[in-house]
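Remarks on the overall topology
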Amino acid sequence: MKINVLTLFPEMFEGPFSSSLIKKAIEKKILALNIINIRDFTEDKHKTADDSPYGGGAGMVMKPEPIYNAIKTLYPLSFSPLSRGRCPELCRGTEGVKIIYMSPTGKQLTNDKAKELSKEENLIIICGHYEGIDERIRKNLVTDEISIGDYVLTGGELPAMVLIDSVSRHIPDVVKEEDSLINDSFYNGLLDHPSYTKPEVFNGENIPAVLMSGHHEEIARYRRKEALRSTFFKRPELLATAKLKKEDTKLLEDIINGS
């Protein structure tokens, strides 16, 4: 997969992707990250990427030309960014390109959305700032608007990093152990079960005996029940859409009855 990130602050991406799984995925050429400075595509000597909004009001708006010019260098576009009407379908992802705008007005990022995007060959992520981007870019070029939560940050760079990390985990061979990915919270709609490691006793507390039993079926049942318990008490709304198994009904009854 190739991910192109359009940003006013490319230096913000230097640290997060120079270590851990993302670094290894880049080194193995499983993932390619291209960080693009939007100011390199401005049309004046001052490299102006924003301007005051028409109609007045506080703040600045990111100009359409630099974003359009940056995308045009990556993939051919067949419309003028200042023209009326929506972008032809050629521009809206039908060539295998998703153009994502990180915005608090977008749909909230979910694990299912991350899995969906991980199947794409090319992504373009636009990091907004100030009062956002010119509406003509959002309306005519953006295929997906994504939010990472109901709050506002200083810019789209941190949300873009979250999206890249979340999507990358679902690309084959990025996470070495597939079972680790499957057991993550939200993979099957539930929160993860609790985990323990050595020592067996810490501050007088033992790990659950079933985990020392060597009985794989009982361990699996215990972990499933604890995942259901965690979800029931912490995020009960997830149960309405979770991929529940037939035996989960009895486990949930036990949890509700206090066992």
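Overview of the structure. Keep in mind the model is a prediction, meaning the values are calculated, not measured.

A tally of regular secondary structure across the chain gives eight helices and nine strands. Going through the 259 residues of the chain one by one, you find that 41% of them count as buried. Taking the intrachain contacts of the chain between residues at least 6 apart in sequence as the baseline, contacts between residues at least 24 apart amount to 73%. Carbon together with sulfur atoms contributes 51% to the accessible area of the chain, which is approximately 15200 Å² in total.

With that out of the way, let us pick up the side chain of serine 230. Here serine 230 shows up in helix α7 (residues 216–234). Residue classification places serine 230 among the buried positions, given a relative accessible area of 13%.

The next subject is the sheet that holds strand β2 (residues 32–37). Within a beta sheet, neighbouring strands are joined by backbone hydrogen bonds and run either parallel or antiparallel to one another. In spatial order, the strands read β2-β1-β6-β5-β7; together these five strands make up an open sheet with parallel pairing. The sheet is open, and its two edges are formed by β2 and β7 (144–147), each paired on a single side. Across the sheet, the mean angle from the axis of one strand to that of its neighbour is 30 degrees, orientation sign disregarded. For strand β5 (residues 97–108) and strand β6 (residues 122–127), the ladder comprises six bridges, and the chain directions are parallel. Paired with valine 97 across the strands is asparagine 122, a residue of β6. Relative to the sheet, helix α5 (residues 157–168) contacts β1 (2–7), β2, β5, β6 and β7, its axis offset from that of β6 by approximately 160 degrees.

Below, the discussion takes up the pairing of β5. Taking the sense of rotation as the criterion, the β-α-β connection linking β5, helix α3 (residues 111–117) and β6 turns out right-handed. Two elements, β5 and β7, share five bridges in a ladder whose sense is parallel. Along β7, the bridge assignment pairs lysine 107 with isoleucine 146.

Conventions adopted
Residues numbered from 1 in each chain as written. Predicted model: local features only at pLDDT ≥ 70, side-chain atom pairs only at ≥ 80, totals over all residues. Heavy atoms only, no water. Helix = DSSP H or I, 4+ residues; strand = E, 2+ residues; numbered from the N terminus. Buried < 20%, exposed > 50% of the residue type's maximum accessible area, 1.4 Å probe, protein only. Contact = heavy atoms within 4.5 Å. Areas by Shrake-Rupley, 256 points an atom, 1.4 Å probe, with all protein chains shown as cover. Pairing = 2+ DSSP bridges. Axes fitted to C-alpha atoms, helices over the stretch in contact; angles between N-to-C directions. Right-handed = clockwise from strand over helix to strand, strands pointing away.

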